[in-house]
Amino acid sequence: MWLKLFFLLLYFLVLFVLARFFEAIVWYETGILATQLVDPVALSFRKLKTILECRGLGYSGLPEKKDVRELVEKSGDLMEGELYSALKEEEASESVSSTNFSGEMHFYELVEDTKDGIWLVQVIANDRNPLVGKIHWEKMVKKVSRFGIRTGTFNCSNDPRYCRRRGWVRSTLIMSVPQTSTSKGKVMLKEYSGRKIEVEHIFKWITAHAASRIKTIYNTEHLKDEWNKSDQYWVKIYLFANLDQPPAFFSALSIKFTGRVEFIFVNVENWDNMSYMADIGIYNMPAYILRTPEGIYRYGNHTGEFISLQAMDSFLRSLQPEVNDLFVLSLVLVNLMAWMDLFITQGATIKRFVVLISTLGTYNSLLIISWLPVLGFLQLPYLDSFYEYSLKLLRYSNTTTLASWVRADWMFYSSHPALFLSTYLGHGLLIDYFEKKRRRNNNNDEVNANNLEWLSSLWDWYTSYLFHPIASFQNFPVQSDWDEDPDLFLERLAFPDLWLHPLIPTDYIKNLPIWRFRCLGVLFEEKMSVGSQDTENDSDNENTDTVSSERGILEDKQHVAHSSQGSPSHCDAETCSCDNKYCQTGPCMKKGQSYGSFHFNEDIEPDWLAWPADMLHCTECVVCLENFENGCLLMGLPCGHVFHQNCIVMWLVGGRHCCPVCRWPSYKTKQPYAHYQPLSSNVPS
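Looking at empty space enclosed by the protein
Phase 1: Summed over all chains, the structure comprises three cavities of 30 Å³ or more.
Phase 2: In this structure, the second largest cavity encloses a volume near 50 Å³.
Phase 3: Lining the second largest cavity, in full, are Ile-118, Phe-147, Ile-149, Phe-203, Ile-206, Thr-207, Ala-210, Ala-248, Ser-251 and Ala-252.
Phase 4: The element that contributes the greatest number of residues to the lining of the second largest cavity is helix H8 (residues 199–211), accounting for four residues.
Phase 5: In terms of residue class, the lining of the second largest cavity is built from eight nonpolar, two polar and no charged.

Written out as structure tokens, the structure reads:
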């Protein structure tokens, strides 16, 4: 996670340096910077109208270029960056979508339940033509969408009862505007009553209603009272201009930031005394002044602070963000960081995407889970001071020059998404190259793995964890027995009921105690027969087997087969009282006797000292019902019962993870039994 965070911060640094590089290239070729002011006199009539349309000022009654230029100057200073953005937006021929309402509930959810936006809806009555034609409506949609105004069409034929209840008996235009100045307040619907059905007149009607929600100041006394008043608003933005009404983008922002920022329009058109303006630090007009508890900030003096909706929106969001803004920002950052896994992960292509999907799901789930307690804490009244100090810190940091550069870069890359994606892809490919080179230097085999090999290893891992849940807290090596016996998997599929019962991993078998069964009389004969080469070799093998710890099942089978076929026994008639035909092959007791019915000579009995301390003493395996022979491998269970190694391993691998005698689970520890006395030879047979 920290590696991905480091790469993400490095990517942001690359974007910052790249933006400065583009600015240097533009300045070198044209000698123009984005913050450089533009003289409106040098602009054409078409460019001046484009600027007015982007700012939301009407120019229908201004036929002369001089009047249009003066209106641009009255609304605010024009920078090269704003001119470039306005011309680029005009050249873009993207069609803006409009909503078609299906009925009352759809209209209520989108229009009447939206408390922080403006809607313009064209209502088409039954068997009537729309008030605005298709061509003019498309122009209207494109014009108002620049200011965040959403549009839609409600056809009364879809819900005539709702139209009759609303009184919509003829085709008309409906505008929804928040009624109060509080966040998430009620909305009011206004109907267009004008006679002229033209785009400019309808737009003027919309901007007039939106501007009516902004507090307007017309004299110096009113400005003094408002400037010195302290109310619920910590952040206020003033527009000092010689205009009839504020621009449309200013009115749209006042609705968008309802309850967070107060917008005030100061109309200085008929003012004679400007002394108080100088007292509060306003020397030039028009001026956009931000007043906070920390001081006064003049908007437009830093990089990217244009007189447009997008620029001022990003500026105010950074100063007074909502919880939803912070959540969206964290969501974008987390997903950008998660996508770094696509380039950091090495190996097969399928592996990269599987890891990417897993990382995306994990990171987004953790993000949502971590936001739930944060939302709960923000509702507590005791955190009001913490909330205020956090906003104060944001205002201090986001009014710096560095913050203005970051906002300008954000607007630049958001308007050029192809450049943003290409730089992210290039950054990821560089990470992939260096990561692959580093792992190759470390001789990591994952770099050369193909898709088939990785899918095979993934299937092994999946079956291991699906069919073998953890049965204890012991750390056993992961080794699946499905590879050794695939019939177990087929049997599992054949009986669906078995899927409900968890399987126990067989790895614990390697930790069970293993030793060889010895007879005391046989050990004496082995010491006496040191002259024979064959006997010496056998004795060395037996001593080596006694000292070493044999854990592998395959190795144990080979040792048993070798001792039964090639190793001669040392138990003879002189030292062993066994009177059956197996005496010459070396058993220490008679085969076929029942459990505990053994008859030993006083000198011939098992070497109990070689047994583990917590194992019960016995001489017969209850699995195969045969006696223990000299040199055979034995295995004990946690309950203390002892069996042939091969017999008990086959028993456990078959899925019966319990003792054949007492049914104690073979993977659970048990308190050791008290030591029993060795079986004497006087036991009746």
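Some remarks on the sheet that holds strand S11 (residues 514–516)
Phase 1: Taking strand neighbours across the sheet as the criterion, the three strands line up as S11-S14-S15 in an open arrangement whose pairing is antiparallel. Of all strands in the sheet, those bounded by a partner on one side alone are S11 and strand S15 (642–644). The average undirected angle you get between the axes of adjacent strands in this sheet is 35 degrees.
Phase 2: Strand direction decides the pairing type here: strand S14 (residues 633–636) and S15, joined by three bridges, are antiparallel.

Comments concerning the side chain of Arg-55
Phase 1: As for its position among the elements, Arg-55 is in helix H2 (residues 45–55).
Phase 2: Of the residues examined, Arg-55 reaches a relative accessible area of 0% and is grouped as buried.
Phase 3: From its side chain, Arg-55 meets the backbone oxygen of Val-72 in a polar contact 3.2 Å long.
Phase 4: Side-chain polar atoms of Arg-55 contact the side chain of Glu-82, separated by 2.9 Å.
Phase 5: Here Arg-55 is in contact with Val-72, Ser-75, Gly-76, Asp-77, Leu-78, Glu-82, Phe-147, Pro-247, Ala-248, Phe-249 and Ile-307, once residues within four sequence places are set aside.

Brief notes about the pairing of strand S8 (residues 261–267)
Phase 1: Within S8, seven of the seven residues are buried, leaving the element largely enclosed by the surrounding structure.
Phase 2: Across the two faces of S8 the burial is the same, with Val-261, Phe-263, Phe-265 and Asn-267 and Glu-262, Ile-264 and Val-266 all buried.
Phase 3: By the bridge criterion, three bridges tie strand S6 (residues 215–217) to S8 in an arrangement that is parallel. Across the sheet, residue Ile-217 finds its bridge partner in S8, namely Val-266.
Phase 4: Bridge analysis of strand S7 (residues 235–241) against S8 gives seven bridges, and the strand direction is parallel. Pairing of Ala-241 across the sheet is with Asn-267, part of S8.

Concerning the nonpolar core
Phase 1: Counting 64 residues, the largest nonpolar core has Ile-206, Phe-263 and Met-312 as the members making the most contacts within it.
Phase 2: Setting aside anything within four residues of it in sequence, one finds Met-312 in contact with Ile-237, Phe-249, Phe-250, Leu-253, Tyr-288, Tyr-299 and Phe-306.
Phase 3: Within the second largest apolar cluster, 28 residues are counted, among which are Trp-515, Cys-632, Leu-637 and Cys-639.

Observations regarding a nonpolar patch on the surface
Phase 1: Judged by side-chain polarity, Leu-3, Phe-6, Leu-10, Leu-13, Val-14 and Val-17 come together as a nonpolar surface patch covering roughly 520 Å² of accessible area.
Phase 2: Tracing the sequence through the fold places Val-14 in helix H1 (residues 2–30).
Phase 3: Residue Val-14 is classed as partly exposed on the basis of its relative accessible area, which comes to 39%.

Remarks on the state of the cysteines
Phase 1: Summed over all chains, the structure comprises one disulfide.
Phase 2: Each sulfur of the disulfide joining Cys-156 and Cys-163 lies 2.2 Å from the other. A torsion of -95 degrees about the S-S bond marks the disulfide between Cys-156 and Cys-163 as left-handed.
Phase 3: Here Cys-618 stays free of any disulfide, with the sulfur of Cys-621 as its closest cysteine sulfur at 8.4 Å.
Phase 4: Take Cys-621: it sits in no disulfide, and the sulfur closest to it among the cysteines is that of Cys-624, at 3.8 Å.

Quick word on the environment of Leu-243
Phase 1: Considering the arrangement of structural elements, one finds Leu-243 in the loop between S7 and helix H10 (248–256).
Phase 2: In sequence terms Leu-243 and Val-268 are 25 residues apart; their C-alpha atoms lie 7.9 Å from each other.
Phase 3: Those residues in contact with Leu-243, other than ones at most four positions away along the chain, are Leu-71, Lys-74, Ser-75, Phe-265, Asn-267 and Glu-269.

Observations concerning the pattern of salt bridges
Phase 1: Evaluation of the coordinates by the stated rule reveals 24 salt bridges.
Phase 2: Among the ionic pairs, Glu-262 bridges to Lys-215, the shortest N-O distance being 3.0 Å. Here the residue Glu-262 occupies a position in strand S8, and Lys-215 occupies one in strand S6, the gap between them amounting to 47 residues.
Phase 3: Across the salt bridge formed by Arg-317 and Asp-313, the nearest N and O atoms sit 3.0 Å from each other. Of this pair, Arg-317 and Asp-313 are both found in helix H12 (residues 309–319), four residues apart, which corresponds to roughly one turn of the helix.
Phase 4: Judged by relative accessible area, which is 28%, Arg-317 ranks as partly exposed.
Phase 5: A single network of salt bridges, built from pairs that share partners, joins Lys-256, Arg-260, Asp-313, Arg-317, Glu-322 and Asp-325.

Side note on the sheet that holds strand S4 (residues 172–178)
Phase 1: Reading across the sheet, the five strands line up as S1-S3-S2-S4-S5 and stay open at both edges, with mixed pairing between neighbours. Only two strands of the sheet have a single partner each, and these edge strands are strand S1 (99–101) and strand S5 (187–191). Averaged over all neighbouring strand pairs, the angle between strand axes comes to 25 degrees, with direction disregarded.
Phase 2: In terms of strand pairing, S4 meets S5 through five bridges, oriented antiparallel. Across the sheet, the residue bridging to Ser-176 is Leu-189, located in S5.
Phase 3: Together, strand S2 (119–124), strand S3 (150–155) and S4 form the strand contacts of helix H6 (residues 134–144), whose direction differs from that of S3 by roughly 145 degrees.

Looking at the packing of aromatic side chains
Phase 1: Counted according to the given criterion, the structure contains 36 aromatic pairs.
Phase 2: The interplanar angle of 80 degrees and the centroid separation of 5.0 Å between the aromatic rings of Phe-250 and Phe-263 together place this pair among those described as edge-to-face. Of the two residues, Phe-250 sits in helix H10 while Phe-263 sits in strand S8, which places them 13 residues apart along the sequence.
Phase 3: What makes Phe-250 buried here is its relative accessible area of 0%.

Calculation notes
- Residues numbered from 1 in each chain as written.
- Predicted model: local features only at pLDDT ≥ 70, side-chain atom pairs only at ≥ 80, totals over all residues.
- Heavy atoms only, no water.
- 1 Å grid on protein atoms, 1.4 Å probe; cavity = no way out; pocket = protein on both sides within 12 Å on 5 of 7 lines; lining within 4 Å.
- Points joined across faces, edges and corners; volume = space filled by probe spheres on them.
- Helix = DSSP H or I, 4+ residues; strand = E, 2+ residues; numbered from the N terminus.
- Nonpolar A, V, L, I, M, F, W, Y, C, P; charged D, E, K, R; others polar.
- Pairing = 2+ DSSP bridges.
- Axes fitted to C-alpha atoms, helices over the stretch in contact; angles between N-to-C directions.
- Buried < 20%, exposed > 50% of the residue type's maximum accessible area, 1.4 Å probe, protein only.
- Polar contact = N/O pair within 3.5 Å; in protein donor to acceptor, adjacent residues only side chain to side chain.
- Contact = heavy atoms within 4.5 Å.
- Core = buried A, V, L, I, M, F, W, Y, C linked by side-chain atoms within 4.5 Å.
- Patch = residues over 30% accessible without salt bridge, like charges linked within 9 Å, V, L, I, M, F, W, Y side chains within 5 Å.
- Areas by Shrake-Rupley, 256 points an atom, 1.4 Å probe, with all protein chains shown as cover.
- Salt bridge = Lys/Arg side-chain N within 4 Å of Asp/Glu carboxyl O.
- Disulfide = S-S within 2.5 Å.
- Phe/Tyr/Trp six-rings, centres within 6.5 Å; stacked < 30°, edge-to-face > 60°.

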